[in-house]
Structures are given as structure tokens and as C-alpha cells.
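Below are the chains, spelled out letter by letter.
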Amino acid sequence: MKTDALTQEIDAYIRHHFRPDGVPRGFLGKLPIGETTDHRADGATWALSFLLKKLEMTFSEKLLQLIDDKGRKPAEVYAKVGLTRSHFAKIKADKGYHPTKETALAFAIALHLNLNETDDLLKRAGYSLSHSNESDLIVEFFIGRGIYNIDDINNQLDIRGHKPLTNWRKSKDE
């Protein structure tokens, strides 16, 4: 395979900047043990192949793993989040599913995730908890104290004029 200058430049860039956990500096510039140039794709093609093998799980993949790891039943979890069975089936079937931040947080609450687990799940959906966002601080407060009552969280969000995590509606009994 013949490589052009741009392909070589991209290959060098990837080798210089890519740092997955546990891979020593300079690893991409060298062949893995036991591998020869005869078996390796050239330049950026090899680097791209290596990167694709190292991709993290998507939000939906991680969510399904967490449900399994926590020993929870999917129906129990999606009911607490306020989703329908068909909506959850869509999440399950679509590896590229992109939830709203509120839905991702609702899953974290329903699964009783700690702050690190919550941050990881949010990251997979493209979000993070921010200390410049009052609603994020409210959710972080509850998670940090191990309080996973979504109605209490939604009530506190509502009191302060923020969007609830689920389709929760404030009681009309007032």
C-alpha cells in the first residue's frame, strides 16, 4: 500500500499524541511484541485499526453492562427513569443512542451509581456534571450523599425552577 504525505503526517500525529491508559509512551511508534511489518497494515491504516480496537463502550453499551453488573432488571430501571418499554428497546438496539443529560442522570439515580460511575456514564453520552450549573450541583449533592430518590431530586430541581430528570410532575394537591 502506497501512502501519501498526509497519511504519513496523520500516522505520526497519532503516534505522538495517542495515550490510552496502560500503553507506554512510544508504543505506537513500535510494533507490538511478536508482530512484524509483514503482518501490519501501513501507516495510518494500522494506527486507525489500533484505535478502533481501543474504543470505549457507548452510552447504551455501558448502561446495559451497569444494569447487569448491579443485578437489576431492565424493566425496574427504565420504569424508575420514566421511560416506556419501547423507548428502552430503542436504547438497547441503538449502540449510538444519545440521551438527554436528564435521562442519563435519571439512569445514574435509578442504578444508584456513585459520583465516579455517574461521571463515566455521563461522559459516554457527551455530558459532565458542572459546578457552574445549579441543577448539576443539586443532583451531585444527592448522589454524593447516597440519596437515590428521584422524586426528592425532581422536587428540589422544581423548587429552584430547573427541569426534572424524568417526566415527573409536581403533585396538584397543593
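Structure first, text after, so check above.
One structure accompanies this document, and this report is about it.

Basis of the calculations
- Residues numbered from 1 in each chain as written.
- Predicted model: local features only at pLDDT ≥ 70, side-chain atom pairs only at ≥ 80, totals over all residues.
- Heavy atoms only, no water.
- Phe/Tyr/Trp six-rings, centres within 6.5 Å; stacked < 30°, edge-to-face > 60°.
- Buried < 20%, exposed > 50% of the residue type's maximum accessible area, 1.4 Å probe, protein only.
- Core = buried A, V, L, I, M, F, W, Y, C linked by side-chain atoms within 4.5 Å.
- Helix = DSSP H or I, 4+ residues; strand = E, 2+ residues; numbered from the N terminus.
- Contact = heavy atoms within 4.5 Å.
- Axes fitted to C-alpha atoms, helices over the stretch in contact; angles between N-to-C directions.
- Parallel < 35°, antiparallel > 145°, perpendicular 65-115°, else oblique.
- Left-handed = near helix turned anticlockwise from the far one by under 90°.
- Nonpolar A, V, L, I, M, F, W, Y, C, P; charged D, E, K, R; others polar.
- Salt bridge = Lys/Arg side-chain N within 4 Å of Asp/Glu carboxyl O.
- Arc of directions from axis to C-beta.

## Digging into the packing of aromatic side chains
Okay, step 1: Per the stated rule, a full pass over the model turns up five aromatic pairs.
Okay, step 2: Each ring, one from Phe141 and one from Phe142, has its centre 5.7 Å from the other, and the planes form 85°; the classification is edge-to-face.
Okay, step 3: Judged by relative accessible area, Phe142 falls into the buried class, the value being 8%.
Okay, step 4: Members of the aromatic cluster, each reached through a chain of ring pairs, are Phe59, Tyr78, Phe88, Tyr97 and Phe107.

## A short note on the nonpolar core
Okay, step 1: Ranked by internal contacts, the top residues of the largest apolar core, which has 32 residues, are Phe59, Leu63, Phe107, Val139 and Leu165.
Okay, step 2: Going through the elements one at a time, α3 (59–69), α4 (74–81), α5 (85–93), α6 (101–110), α7 (115–124), α8 (134–144) and α9 (150–159) are the ones with two or more residues in this core.
Okay, step 3: Ranked by residue count, the leading element in this core is α6, at seven residues.
Okay, step 4: Leaving out residues up to four positions away in the same chain, Phe107 has contacts with Phe59, Leu63, Val77, Val81, Leu83, Phe88, Ile91 and Leu121.

## Thoughts on the packing of α4 against α6
Okay, step 1: At a minimum axis separation of 9 Å, α4 and α6 run at an interaxial angle of 125°. In terms of axis orientation, α4 runs oblique to α6. Judged by the twist between their axes, the crossing of α4 over α6 is right-handed. Listed contacts from α6 to Val77, Lys80 and Val81 of α4 are Thr103, Ala106, Phe107 and Ala110.
Okay, step 2: Residues belonging to the contact of α4 with α6 are distributed by class as follows: five nonpolar, one polar and one charged.

## Describing the environment of Ile153
Okay, step 1: Within the fold, Ile153 resides in helix α9.
Okay, step 2: Given the relative accessible area of 0%, Ile153 is considered buried.
Okay, step 3: Those residues in contact with Ile153 that sit more than four places away from it in its chain are Ile109, Val139, Phe142, Ile147 and Leu165.

## Quick notes on the pattern of salt bridges
Okay, step 1: Across all of its chains, the model carries seven salt bridges by this definition.
Okay, step 2: Linking Lys70 and Glu117 is a salt bridge whose minimum nitrogen-to-oxygen distance equals 3.3 Å. In this pair, Lys70 sits in the loop between α3 and α4 while Glu117 sits in helix α7, placing the two residues 47 residues apart along the sequence.
Okay, step 3: We classify Lys70 as partly exposed; its relative accessible area is 32%.
Okay, step 4: Classification of Glu117 as partly exposed rests on a relative accessible area of 25%.
Okay, step 5: Overlapping salt bridges bring together Lys62, Asp120 and Arg124 as one network.

## Overview of unusual backbone geometry
Okay, step 1: The phi angle at His112 is positive, at roughly 55°, despite the residue not being glycine.
Okay, step 2: When you line up the elements, His112 lands in the loop between α6 and α7.
Okay, step 3: The exposure class of His112 is partly exposed, given its relative accessible area of 39%.

## Focus on α3
Okay, step 1: Inspection of α3 places Phe59, Ser60, Lys62, Leu63, Leu66 and Ile67 among the buried residues, and these make up the whole buried set. Down the axis of α3, the buried side of the element spans an arc of 160°, and every buried residue falls inside it. Opposite the packed face of α3, turned more than 90 degrees from it, sit the exposed residues Asp68 and Asp69.
Okay, step 2: Gly71 lies just past α3 and shows a positive phi near 70°.

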